[in-house]
Amino acid sequence: MFPLDFPLQQMTKYSDARRVLDPFCGRGTTLYAARLAGRSAVGIDVNPVAGAIAQAKLARVGPSSVVRLARDLIREYGDASVPKGDFWDWAFHDQTLRELAALREGLLRWQDTATSVMLRALILGVLHGPRNKGLPSYLSNQMPRTYASKPAYAVRFWRERDLRPVHIDPVEVVARRAERMLRNLPPRTGGRVLLGDAATTVARLRRRFDLVVTSPPYYGMRTYVPDQWLRNWFLGGPPNVPYGTEGQLATKRSQAAFVSAMAEVWRAVAERCSPGAHLVVRFGALPSAGVSPEKMLLASLTEAGAGWLVRDVRPAGAAIGSRRQAEQFNRKQRMGPAVGDIDVTAELIRRQRVGNSATSRRG
Ligand SMILES: C[S@@+](CC[C@H](N)C(=O)[O-])C[C@H]1O[C@@H](n2cnc3c(N)ncnc32)[C@H](O)[C@@H]1O
């Protein structure tokens, strides 16, 4: 995820932009920033977990209706089938698991409403995480919050420490989180989240956009899907780790194939943008990939040949217009892991025929 500040800065900088697009929307940070700034926004992601969380960033609903729906679903779908096996015996207390299975079944059958979208996202947020001392914040036995442990490793970890799962009431955990997160939601500003591949889905959009703020998967990062296997199960996926990375840009292993795949997205996006639209991209690579994210991203804009004129290139997180911060960031970067993330801004000057190269100018 990029920090909320990043898309918020773009909303301030491009204050005339009315319609915002994020073709790799992840958990919907851009969509939420657009909402805070009073703009409508469309997000696309190929990963159902990201899509489900992003959808909630556009919804507005109070805590009581979410809690009521959770109670109703647990009552109504109490006989939903429960996954079996060592992992499931250790990961959740059996009553918690039965209630979770009921919520899963109910939400799979329920049509999407603001309440069900919000409940689904809240459960994804509390599904697994560390066991804390006071009131529980997560439903699972001890586990990381950001990614789900692989079953064999997790079972060994719990067994060795004799860490038995305790009963945690999903409704209570959701209620506490809903109370905190839903009390002061900003007004809705319109927009939606579409599940699918960025290039093909953008091509199907009808309306035009004037600001695109996005972050493609970092080069070399191939674990977006397996890391989220438990959340993926809750959304109707299998009760085990899906090692395929279907549709993920990350499956493009060579740099050239990855650059071409990004180029295809920038080309499709240009088709759906008004002349003068701005494209702001944060991109990076895993250190182990040993590549230059800057070169890759600029090459993809050139290869797109779609009229994106590069206006600015700077290290990720350097505040727009602040040289000093950029320098400080550079110093930090040198000390920290050399990922070399960058922020690139481009402007849609004119559409060119595919194959022509985009003019590029560093800011
Ligand atoms: C760096 S993350 C975006 C994070 C986002 N900015 C946020 O704040 O949550 C990249 C996202 O691209 C998605 N992705 C990968 N390949 C894709 C594709 N072909 N089409 C659409 N989304 C894709 C991944 O699922 C992932 O959620």
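Conventions and cut-offs
- For every chain, the first residue of the written sequence is number 1, and numbering continues from 1 along that sequence.
- Residues qualify for local features only when their pLDDT is at least 70, as the model is predicted, and side-chain atom pairs are given and counted only at 80 or more; totals for whole chains, interfaces and linings, by contrast, use all residues.
- Water and hydrogen atoms were dropped before computing side-chain values, which therefore reflect all heavy atoms in the structure.
- The term nonpolar core refers to a set of buried residues drawn from Ala, Val, Leu, Ile, Met, Phe, Trp, Tyr and Cys, joined through side-chain atoms within 4.5 Å.
- Relative accessible area decides the class of each residue, using a 1.4 Å probe on protein chains only: under 20% of the type maximum gives buried, over 50% gives exposed, and in between gives partly exposed.
- Only runs of H or I of at least four residues qualify as helices and only runs of E of at least two qualify as strands under DSSP, and these elements are numbered from the N terminus.
- Boundary definitions for the domains trace back to an automatic or database domain assignment.
- Contacts: residue pairs with any heavy atoms within 4.5 Å of one another.
- UniProt positions are given in the numbering used here, feature names are shortened, and annotations may be inferred rather than shown by experiment.
- When DSSP locates at least two bridges between a pair of strands, those strands are taken to pair.
- All axes here are fitted lines through C-alpha atoms, helices being fitted over the stretch that makes contact, and every angle between N-to-C directions spans 0 to 180 degrees.
- Roughly parallel covers angles under 35 degrees, roughly antiparallel covers those over 145, roughly perpendicular covers 65 to 115, and oblique covers all other angles.
- The classification used treats Ala, Val, Leu, Ile, Met, Phe, Trp, Tyr, Cys and Pro as nonpolar, Asp, Glu, Lys and Arg as charged, and all other residues, Gly among them, as polar.
- Near, as used in this document, describes a residue that has one of its heavy atoms within 4 Å of the molecule or strand being considered.
- We call two N or O atoms a polar contact when they sit within 3.5 Å, provided that within protein one can donate a hydrogen and the other can accept it, with sequence-adjacent residues counted only if both atoms are side-chain atoms.
- Aromatic pairing here means that ring centres of Phe, Tyr or Trp (its six-membered ring) are within 6.5 Å. Orientation follows from the plane angle: under 30 degrees is stacked, over 60 is edge-to-face, and everything else is tilted.
- Think of it as a cone above the ring: NZ of Lys or CZ of Arg counts as a charge over the ring if it is within 6 Å of the ring centre and within 35 degrees of the ring normal.

With 50 residues, the main nonpolar core has Phe87, Phe92, Met118, Leu119, Leu230 and Phe234 as its most contacted residues. At the level of secondary structure, the elements contributing two or more residues to this core comprise α3 (48-56), α4 (63-76), α5 (86-91), α6 (94-109), α7 (114-126), α8 (151-160), α9 (170-182) and α11 (229-234). Tallying contributions element by element places α7 first for this core, with 8 residues. Residue contributions to this core reach at least three from each of two domains, namely domain 1 (5-52 + 187-348) and domain 2 (63-182). The residues contacting Leu119, other than those within four sequence positions of it, are Val66, Leu69, Ala70, Leu73, Leu103, Leu107 and Val174. Formed by 41 residues, the second largest nonpolar core is a distinct cluster that contains Phe24, Tyr219, Leu279 and Ile342.

The feature "domain: DNA methylase N-4/N-6" (unreviewed entry), as annotated in UniProt, sits at residues 20-50 in this numbering. Each end of residues 20-50 is marked by a C-alpha atom, and these two atoms are 18 Å apart; helix forms 35% of the span and strand 29%.

The next subject is the environment of Thr113. Residue position: Thr113 is located in the loop between α6 and α7. On the basis of relative accessibility, which here comes to 27%, the residue Thr113 falls in the partly exposed class. Taking the C-alpha atoms as reference, Thr113 lies 8.8 Å from Ala59; in sequence the two are 54 residues apart.

Relative to the elements of secondary structure, Glu347 occurs in strand β7 (residues 342-348). Once you skip the residues sitting within four places of it in the chain, Glu347 turns out to touch Gly276, Ala277, His278, Gly307, Trp308, Leu309 and Arg311.

The next thing to look at is the sheet that holds strand β4 (residues 209-214). The 7 strands are arranged β3-β2-β1-β4-β5-β7-β6 in an open sheet whose pairing can be described as mixed. Only two strands of the sheet have a single neighbouring strand rather than two, namely β3 (191-195) and β6 (308-315). Between one strand axis and the next, the sheet turns through 15 degrees on average, direction left out of account. Inspection of the sheet shows strand β2 (residues 40-45) paired to β3 by 5 bridges, in the parallel sense. Considered in β3, the bridge of Ala41 is made with Gly191. In the packing of α3 onto the sheet, the strands contacted are β2 and β3, and the crossing angle to β3 comes to about 170 degrees. Here helix α13 (residues 293-304) sits on the sheet and contacts β5 (273-283), β6 and β7; the angle it forms with β7, its principal contact strand, is near 15 degrees.

Attention now moves to the packing of α4 against α6. In a pair of packed helices, the angle between the axes and the distance between the axes together describe the arrangement. Relative to each other, α4 and α6 sit at 100 degrees, their axes nearing to 8 Å. It follows from the interaxial angle that α4 and α6 lie roughly perpendicular. Together, Ala70, Leu73 and Ile74 of α4 and Glu99, Ala102, Leu103, Gly106 and Leu107 of α6 make up the contact between the two elements. Considered class by class, the residues forming the contact of α4 with α6 number 6 nonpolar, 1 polar and 1 charged.

This next bit is on the site of the ligand. The full set close to the ligand counts 21 residues, and Arg27, Thr29, Asp45, Asp197 and Ala198 are the nearest of them. One nitrogen or oxygen atom from the main chain of Val46 is found 3.3 Å from a nitrogen atom belonging to the ligand. At 2.8 Å, a backbone N or O of Ala198 approaches a nitrogen atom of the ligand. Class assignment for the residues of the shell around the ligand results in 11 nonpolar, 7 polar and 3 charged.

Turning our eyes to something else, we now look at the packing of aromatic side chains. Scanning the entire structure with this criterion turns up 13 aromatic pairs. Consider the rings of Phe24 and Trp266, whose centres lie 6.4 Å apart with planes at 80 degrees: the pair is edge-to-face. Of this pair, Phe24 sits in the loop between β1 (19-22) and α2 (29-36) while Trp266 sits in helix α12 (residues 255-271), and the two are 242 residues apart along the sequence. When the centroid spacing of 5.3 Å and the interplanar angle of 90 degrees are considered together, the rings of Phe87 and Trp88 count as edge-to-face. Grouping residues by exposure puts Phe87 and Trp88 together as buried. Each residue in the set Phe87, Trp88, Phe92, Trp158, Trp229, Trp233 and Phe234 is aromatic and connected to the rest through ring pairs, giving one cluster. Sitting over the ring of Phe6, Arg282 keeps its end group 4.1 Å from the ring centre.

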